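Letter by letter, the chains look like this.
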Amino acid sequence: NMALVYEAQGKFDDAAATLQKLLDKTAKPGDTYAASERNNRSVFVERLGSVYRAQTKYALAVQTYRQMLPLGDDNAARGYQLIIDTYRDAKQWDQAIAEYEKAYALDHLPAHLYNIGRAYHLKGDLKNVMSQVDRIMRGITGLAGLAAAQGCGPVGPPPPDLDRATLGTVGVYS
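Below or above, wherever it landed, is the structure these notes cover. Given the structure is predicted, the values throughout are model-derived calculations rather than measurements.

## A closer look at the packing of helix 2 (residues 12–26) against helix 3 (residues 35–54)
Next up, step 1: With their axes 10 Å apart at the nearest point, helix 2 and helix 3 run at an angle of 155° to one another. In terms of axis orientation, helix 2 runs roughly antiparallel to helix 3. Judged by the twist between their axes, the crossing of helix 2 over helix 3 is left-handed. Facing helix 2, whose interface residues are Phe12, Ala15, Ala16, Leu19, Gln20, Leu22, Leu23 and Thr26, helix 3 presents Arg41, Phe44, Val45, Arg47, Leu48, Val51, Tyr52 and Ala54.

## Points about helix 3
Next up, step 1: With 20 residues, helix 3 should reach 28 Å at 1.5 Å per residue; the first-to-last C-alpha distance of 29 Å fits that figure.
Next up, step 2: Within the sequence span of helix 3, burial applies to Arg41, Ser42, Val45, Leu48, Gly49, Val51 and Tyr52.
Next up, step 3: Looking at the packing, one finds that the buried side of helix 3 touches helix 1 (2–8), helix 2, helix 4 (58–65) and helix 5 (73–89).
Next up, step 4: Looking one or two residues beyond helix 3, the residue adopting positive phi is Thr56, at roughly 55°.

## Observations regarding the pattern of salt bridges
Next up, step 1: In total, this model carries 10 salt bridges according to the counting rule given.
Next up, step 2: The partner of Glu7 in a salt bridge is Arg47, with the nearest N and O atoms 2.6 Å apart. Within this pair, whereas Glu7 is found in helix 1, its partner Arg47 is found in helix 3, the two being separated by 40 residues in sequence.
Next up, step 3: A residue is classified by how much of its surface remains accessible, and Glu7, at 16% relative accessible area, is buried.

## Description of the environment of Val43
Next up, step 1: Structurally, Val43 can be placed in helix 3.
Next up, step 2: Looking at Val43, the relative accessible area reads 51%, which means it is exposed.
Next up, step 3: Through-space distance from the C-alpha of Val43 to that of Met68 is 9.1 Å; in sequence the pair is 25 residues apart.

## Some words on the nonpolar core
Next up, step 1: Core analysis: the largest hydrophobic core is formed by 17 residues, its most contacted members being Leu48 and Tyr65.
Next up, step 2: When residues of this core are traced back to their parent elements, those giving at least two are helix 2, helix 3, helix 4 and helix 5.
Next up, step 3: In this view, Tyr65 contacts Val45, Glu46, Gly49, Ser50, Arg53, Gly79, Leu82, Ile83 and Thr86; residues no more than four positions away in its chain are not counted.
Next up, step 4: Among the nonpolar cores identified, the runner-up in size contains 13 residues, and Ile97, Ile116, Val129 and Val133 belong to it.

What counts and how
- Residues numbered from 1 in each chain as written.
- Predicted model: local features only at pLDDT ≥ 70, side-chain atom pairs only at ≥ 80, totals over all residues.
- Heavy atoms only, no water.
- Axes fitted to C-alpha atoms, helices over the stretch in contact; angles between N-to-C directions.
- Helix = DSSP H or I, 4+ residues; strand = E, 2+ residues; numbered from the N terminus.
- Parallel < 35°, antiparallel > 145°, perpendicular 65-115°, else oblique.
- Left-handed = near helix turned anticlockwise from the far one by under 90°.
- Contact = heavy atoms within 4.5 Å.
- Expected span 1.5 Å × (residues − 1).
- Buried < 20%, exposed > 50% of the residue type's maximum accessible area, 1.4 Å probe, protein only.
- Salt bridge = Lys/Arg side-chain N within 4 Å of Asp/Glu carboxyl O.
- Core = buried A, V, L, I, M, F, W, Y, C linked by side-chain atoms within 4.5 Å.

None of the figures reported here should be taken as evidence of function without further support.
The following block contains the structure:
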């Protein structure tokens, strides 16, 4: 693919133009793609977004990655992660946190809560870090209770980098 050659040569504008032409050429009205077409499109969109990120054109990268969301399933999940990674690269913590919240609302994975806390930490907002720790622990307590009620046993301890003294300050173990 010429876009890869251009990118390797540091000709990012040429790479972006080549990838955009490819995406325009293969676009279908109403996003009516077969599964293999969705996957191929996702690869090209991701590559274009990566070219923009390499140029620190973060707004264009996010706009490009958003094209992955309607492709559904793993493509959408990958798109959300790339959007978040782009905001993190740009140190746009509030936008990263907002995207993590959207992702958490979709799948309720505790990892998103951890990453929200991490973004608050990198932002220097320690009050919200501790609120996130409390939110995580409430979720773990809820899961442990559910697991015990279903005879599955305990879910497990909190992450190893969280000590009981710290957690006690937010009311988790006090």
